[in-house]
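What the coordinates show
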Amino acid sequence: MSYETDDWQRVWDARMAGLERHFGKCDQTVLHAAIPFEFGLNMGGSPDVVMFSRYTTGKLYVTAGLIGSGQKPNSRGNYELAVVHQGDEDWGVGIICRLAYYTLDNVIDHGQTMDVAEATPEGSTIAALLFKRIADFEVLGKPANVICCIGITKDELEYALEQGTAKLFQRLPSGYLLTDLRRKSHLRR
């Protein structure tokens, strides 16, 4: 799904309407990129990010610029990336902004994992991201969705690789979305 640049406001409004139907009214603060996503990674471009404080425990941060960007669609269409943190951590926002360019050439879909141990802050127990679809909607008549990036520990990643991510989802607390960089594993081995 790609739109003309002069359709920017119409696409933004449709994208935000879809997001707010699922997550409630977004917070007043929008993290606007100093250099727009369309300028590209080499120019330092980044997607805008919107916050939803009332959707879940913590803050849900969602990119707002991938749907309509020409990204490779996943099984449910174009998508935005999300992360949930308890406080005002910026690691997760940084990771979804960096992954935004990855989605132009690669697909991220529900149930996949990605090793990110090298990209986590010192002292973090997070070794990978587990991707979970948390919303489906339409933007200007085309299917769209939101994929949440959930930080998981090394043993949770190993479990997912051995048993499958569907079983890992069952072992996580119900509705779990939080990326806590210094948490203990949810697995009891």
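Residues numbered from 1 in each chain as written. Predicted model: local features only at pLDDT ≥ 70, side-chain atom pairs only at ≥ 80, totals over all residues. Heavy atoms only, no water.

Counting buried positions over the 12 residues of strand S7 (residues 142-153) gives 10, a clear majority of the element. Sheet topology places strand S4 (residues 78-85) next to S7; five bridges connect them, and they run parallel. By the bridge assignment, Tyr-79 is partnered in S7 with Asn-145. Bridge count for strand S6 (residues 126-139) against S7 is 12 bridges, and the pairing is antiparallel. Residue pairing across strands places Glu-138 opposite Pro-143, the latter belonging to S7. The hairpin turn running from S6 into S7, its antiparallel successor, is two residues long, and Leu-140 in that turn takes a positive phi close to 50°. (Buried < 20%, exposed > 50% of the residue type's maximum accessible area, 1.4 Å probe, protein only. Helix = DSSP H or I, 4+ residues; strand = E, 2+ residues; numbered from the N terminus. Pairing = 2+ DSSP bridges.)

The next point concerns the sheet that holds S7. Here seven strands make up an open sheet; going across it, the order is S1-S2-S3-S4-S7-S6-S5 and the pairing mixed. Each edge of the open sheet is held by one strand with a lone partner, namely strand S1 (30-31) and strand S5 (113-115). In terms of strand pairing, S5 meets S6 through three bridges, oriented antiparallel. Residue Asp-115 lies in a different strand from S6, and its bridge partner there is Ala-128. Its contacts with the sheet place helix H1 (residues 8-23) against S1, strand S2 (49-52), strand S3 (59-63), S4, S6 and S7, and it is angled at close to 110° to S6. Sitting on the sheet, helix H2 (residues 91-105) is in contact with S1, S2, S3, S4, S5, S6 and S7, with an inclination near 165° to S4. (Contact = heavy atoms within 4.5 Å. Axes fitted to C-alpha atoms, helices over the stretch in contact; angles between N-to-C directions.)

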